[in-house]
Amino acid sequence: MIPILGLAAGVLLGLVFDPTVPLWLQPYLPIAVVAALDAVFGGFRARLDGIFDAKVFVISFVSNVVVAALIVFLGDQLGVGAQLSTAVVVVLGIRIFGNAAAIRRHVFRA
Amino acid sequence: MTSARPAGGVRSLGASLLDDVLAETLDPAYAQAAAARAARGEQRAPSRRGGQVLVALVMVVAGLLIAVTYDQAAAKAQGRQEVRAALVRDIQARSELGDELAGQLDELRVEVSRTSDDLLAATTEGQRALDALARAEQGTAALAVTGPGLLITLANAEAEADDDPVGGTSEADPRGRVQDGDLQLVVNALWAAGAEAISINGQRLGPTSAIRFAGEAVLVDFRPVTNPYEVRAIGDPDALAREFLLDAEVQSLAAVSLNFGLRFDFAKEEELSLPAAGSPELRSAELLDTRRAAGTDPTPGG
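Residues numbered from 1 in each chain as written. Chains lettered and ligands numbered in written order. Predicted model: local features only at pLDDT ≥ 70, side-chain atom pairs only at ≥ 80, totals over all residues.

Enquirer: Talk me through the sheet that holds strand 7 (residues 229-234) of chain B; I want residue IDs and the actual numbers.
Expert: Residues and elements named next belong to chain B. Read across the open sheet, the five strands follow the order 3-2-7-1-8; overall the sheet is antiparallel. A strand with exactly one partner marks an edge of an open sheet, and here the two such strands are strand 3 (203-204) and strand 8 (263-274). Together, strand 1 (145-155), strand 7 and strand 8 form the strand contacts of helix 6 (residues 237-246), whose direction differs from that of strand 1 by roughly 30°. (Pairing = 2+ DSSP bridges. Helix = DSSP H or I, 4+ residues; strand = E, 2+ residues; numbered from the N terminus. Contact = placed C-beta atoms within 7 Å. Axes fitted to C-alpha atoms, helices over the stretch in contact; angles between N-to-C directions.)

Structure below.
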C-alpha cells in the first residue's frame with residue numbers, strides 16, 4: 001500500500017511543482033519512464049510471487065533507468081539513437097506485458 | 001549451447017534469445033535473493049523499516065518521472081500547435097498585405113497608363129509609340145482577354161480506398177501528383193498548338209512566366225497554385241484541340257496519368273476570359289532622341 005501511495009505522491013508532486021528538466025536530459029525521459037515502469041511492474045509481480053526484496057527492487061529500478069538512458073545516449077552518439085530507443089522499448093515492453101500477465105493471473109486467478 | 005538442442009542448429013541461437021526475452025520477464029535477481037534467503041533458513045524477506053522507506057522513495061521518484069515526462073510531452077504538443085497557429089496568422093496577414101499592395105499597384109498602373117496615353121496621343125510620334133505599345137501589351141499578356149478556347153484540367157490522383165489509414169503521416173505516392181513538369185508540358189504544347197493566351201488557375205502566363213516546384217506546391221510566377229490545375233487557353237478550339245492532342249508529349253502524359261490515376265481532362269469552351277498578367281516589371285528603358293519627349297518608353301518588359 002505504501003509504495004502505491006508513494007507513486008501517487010510522486011505524480012502529484014510532479015504535476016504540482018512542474019519541475020524544469022535540463023534540456024540535455026529531456027530526450028532520455030520517455031525511455032527512463034518505460035524502464036521505471038518495467039522495474040515497478042517487476043517489483044509488483046515479485047511481491048505477488050512472495051519473493052519481493054527491497055534491495056533488489058531499488059537496485060533494479062536505478063540500474064534500469066540509468067542503463068536505458070545510457071543506451072539511448074550511446075545510440076545518439078553513434079547515430080542510431082532512434083533504433084536503439086525502439087529496441088529498448090520493445091524489450092521492456094515485452095517484459096512489462098509478461099509481468100502484467102503474471103500479475104493478472106495472481107489477481108484474477110485466470 | 002546449440003548441442004543442448006539437437007534439432008535447433010543455427011536457428012536456436014536467435015530463438016533462444018527470443019525465448020529468454022519472452023520467458024524471463026521477471027528480474028532473476030528476485031529469485032536469486034529468495035533462494036539465498038531460503039538457504040539461510042529465513043522464511044520471508046525481513047520487512048525492515050529502511051527497506052520500506054527506500055521502496056516508497058523509489059516509487060515517489062517513479063511517479064515524479066512519469067508526471068514530468070507527461071508534462072513535457074503535453075507542453076511540446078501544445079507548443080507546436082501554438083507555433084503553427086502563429087505561423088498561419090503571419091501568413092494570412094502577409095498575404096492580405098500582399099493583396100492590398102497588388103491592388104494599389106493595379107490602380108497606380110491604370111493611372112500611369114492613362115496619363116501616358118493622354119500624353120502620347122497628342123503627337124504623331126506618340127501615336128506610333130502608342131500603337132507599338134498596344135501590340136507589345138498583347139504579346140506580354142498585359143491585357144485581359146476573352147474568347148473561345150480549351151479548358152484543360154489536371155488533378156492529383158485521388159487517395160485510394162485501400163491506402164493505409166493508420167500511418168497518417170505517410171506521403172501520398174509522389175507519382176500520383178501533378179508536377180511542375182506536367183504543367184510546363186501542357187502549357188508548351190498549347191503554345192505550340194497556337195494558343196493566343198494561357199492561364200493556370202486564373203494566373204495569366206506572360207512570355208517570362210515561370211512554372212516551378214517549391215516543396216509540394218506548384219508556383220506560377222512565384223505564386224502558388226493548387227490542385228486541381230485548370231489550364232485555360234484561348235484560340236480556335238478545334239484547331240487547338242487537334243494540334244494539342246497530336247502532340248507526342250501530351251499523348252505520353254495522358255498515358256502516364258492513366259497509369260497513376262491523375263485526372264487529365266479537356267473541354268472546348270465557347271467563352272473563356274483570362275485576366276491580365278500581374279505586374280510587368282520595367283526592365284529596360286531608353287531615352288528618346290527628341291528633347292520634347294524626355295520621358296522613358298514604358299514598354300513593359302515583364
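Enquirer: Provide a residue-level description of the packing of helix 2 (residues 29-49) of chain A against helix 3 (residues 49-120) of chain B, including the pertinent values.
Expert: As a packed pair, helix 2 of chain A and helix 3 of chain B sit with axes 9 Å apart at the nearest point and diverge in direction by 145°. Viewed along their axes, helix 2 of chain A and helix 3 of chain B form a crossing whose handedness is left-handed. Between helix 2 of chain A and helix 3 of chain B, the contacting residues are L29, P30, A32, V33, A36 and V40 of chain A on the first element and A62, L65, I66, V68, T69 and Q72 of chain B on the second. (Left-handed = near helix turned anticlockwise from the far one by under 90°.)

Enquirer: Would you mind going over the interface of chain B and chain A in detail, with residue names and values included?
Expert: Listed by partner, the interface residues are 30 residues for chain B and 40 residues for chain A. Within the residue set of the side of chain B that touches chain A, elements represented by two or more residues are helix 1 (11-23), helix 2 (28-40) and helix 3 of chain B. Looking at the side of chain B that touches chain A element by element, the count peaks at 19 residues for helix 3 of chain B. When its residues are assigned to classes, the side of chain B that touches chain A shows 22 nonpolar, six polar and two charged. (Nonpolar A, V, L, I, M, F, W, Y, C, P; charged D, E, K, R; others polar.)

Enquirer: Go over the nonpolar core with me, naming the residues and quoting the values.
Expert: Residues I31, A32, A35, A36 and A68 of chain A together with A62 and L65 of chain B are the most contacted members of the largest nonpolar core, which totals 38 residues. Elements with a contribution of two residues or more to this core: helix 1 (2-17), helix 2, helix 3 (54-78) and helix 4 (81-108) of chain A together with helix 2 and helix 3 of chain B. Each residue touching L65 of chain B, except ones within four places of it in the same chain, is listed here: A32, V33 and A36 of chain A. If you look at the next biggest cluster of nonpolar residues, it comprises 33 residues, including A195, I200, L205 and L240 of chain B. (Core = buried A, V, L, I, M, F, W, Y, C linked by C-beta atoms within 7 Å. Buried ≥ 20, exposed ≤ 12 C-beta atoms within 10 Å, placed from the backbone.)

Enquirer: Break down helix 4 of chain A for me, with residues and values.
Expert: Residues and elements named next belong to chain A. Here helix 4 is 28 residues long and its end C-alpha atoms lie 39 Å apart, about the 40 Å a rise of 1.5 Å per residue gives. Here helix 4 has its buried residues at S85, V88, L92, R95 and N99. Where helix 4 is buried, its residues meet helix 2 and helix 3. (Expected span 1.5 Å × (residues − 1).)

Enquirer: I'd love a proper account of unusual backbone geometry, names of residues and values included.
Expert: Excluding glycine, residues mostly carry a negative phi; peptide bonds, for their part, are mostly trans. Even without glycine at this site, D18 of chain A takes up a positive phi of about 50°. According to the C-beta neighbour criterion, D18 of chain A is exposed, with 12 such atoms within 10 Å. Phi is positive for N201 of chain B, which is not a glycine, with a value near 45°. Of note, N201 of chain B is situated in the loop between strand 2 (197-200) and strand 3. You can call N201 of chain B partly exposed: it has 17 C-beta atoms within 10 Å.

Enquirer: Give a detailed account of the confidence of the model for chain B, specifying residues and quantitative values.
Expert: Parts of the model with low pLDDT should not have their predicted coordinates read in detail. Residues and elements named next belong to chain B. Here chain B averages 79 in pLDDT, while 82% of its residues score no lower than 70. Low confidence marks residues 293-297, where pLDDT is under 50. Its contacts with residues over four positions away, or in another chain, come to seven contacts. Reported for the predicted complex are a pTM of 0.51 and an ipTM of 0.87. (pLDDT = per-residue confidence, 0-100.)

Enquirer: I'd love a proper account of the packing of helix 3 of chain A against helix 4 of chain A, names of residues and values included.
Expert: The relative placement of two packed helices is expressed as an angle between their axes plus a distance between the axes. Residue and element names in this part refer to chain A. Put simply, helix 3 and helix 4 touch, their axes get as near as 7 Å, and they point 155° apart. Taken as axis vectors, helix 3 and helix 4 run roughly antiparallel relative to one another. At the point where helix 3 passes helix 4, the crossing takes the right-handed sense. Counting all contacts with helix 3, which are made through A68, I71, V72, G75 and D76, the residues of helix 4 involved are G81, Q83, L84, S85 and V88. When grouped by side-chain class, the residues that make up the contact of helix 3 with helix 4 number five nonpolar, four polar and one charged. (Parallel < 35°, antiparallel > 145°, perpendicular 65-115°, else oblique.)

Enquirer: Describe the UniProt feature "transmembrane region" (unreviewed entry) in chain A, listing the residues and the values that go with them.
Expert: Residues and elements named next belong to chain A. Per the UniProt record, the feature "transmembrane region" (unreviewed entry) sits at residues 27-44, 56-74 and 80-103. When the span residues 27-44 is considered, its composition is 89% helix and 0% strand, and the gap between its end C-alpha atoms is 27 Å. Between the C-alpha atoms that bound residues 56-74 the distance is 26 Å, and the span itself is 100% helix and 0% strand. (UniProt positions renumbered as here; feature names shortened; annotations may be inferred.)

Enquirer: Describe in detail the sheet that holds strand 6 (residues 223-225) of chain B, supporting the description with residues and values.
Expert: Residue and element names in this part refer to chain B. Read from one edge to the other, the open sheet built from three strands follows the order 4-5-6, with strand pairing classed as antiparallel. A single partner strand is all that each edge strand has here, and the edge strands are strand 4 (211-214) and strand 6. Going across the sheet, the axis of each strand differs from the next one's by a mean of 45°, ignoring polarity. Strand direction decides the pairing type here: strand 4 and strand 5 (residues 217-220), joined by four bridges, are antiparallel. Counterpart to I211 in the pairing with strand 5 is V220. Along the sheet, helix 5 (residues 180-192) contacts strand 4 and strand 5; its crossing angle with strand 4, the most-contacted strand, is approximately 175°.

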